[in-house]
Amino acid sequence: MSKTNHITTGDVLDDLGFSRSEASALKIKASIVEAILAEIDRRGFTQRQLVDVLDEYQPNVSNLLHGRISKVSI
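Parameters and conventions
- Residues numbered from 1 in each chain as written.
- Predicted model: local features only at pLDDT ≥ 70, side-chain atom pairs only at ≥ 80, totals over all residues.
- Heavy atoms only, no water.
- Salt bridge = Lys/Arg side-chain N within 4 Å of Asp/Glu carboxyl O.
- Helix = DSSP H or I, 4+ residues; strand = E, 2+ residues; numbered from the N terminus.
- Buried < 20%, exposed > 50% of the residue type's maximum accessible area, 1.4 Å probe, protein only.
- Lys, Arg positive; Asp, Glu negative; His and termini not counted.
- Contact = heavy atoms within 4.5 Å.

1. Observations concerning the pattern of salt bridges
- In the structure shown here, the tally under the stated rule is 2 salt bridges.
- Linking E39 and R42 is a salt bridge whose minimum nitrogen-to-oxygen distance equals 2.7 Å. On the criterion of helical spacing, the pair formed by E39 and R42 is a turn pair, its members being 3 residues apart in helix α2 (residues 20-43).
- Given the relative accessible area of 29%, E39 is considered partly exposed.

Shown next as structure tokens:
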């Protein structure tokens, strides 16, 4: 089985073809989601509690908790 080598520029978003502005927005969004998830973990919230606390629909809370940043609105 042959292994495919890939040379990266060091930034996966650039390598995937995102523009500089798209990459920056995704990085900022990922940082915000990461901070929110850390606080959720610190406080020990359950998904059901977050639905009430955030006044958000359950599918949106699930997307947040599963790190689906493309489906999370900041």
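2. Notes on the side chain of K29
- By the secondary structure assignment, K29 is in helix α2.
- One buried charged side chain, K29, makes no salt bridge at all; its nearest oppositely charged neighbour is E22, positioned 12 Å away.
- The residues contacting K29, other than those within four sequence positions of it, are I69, S70, V72 and I74.

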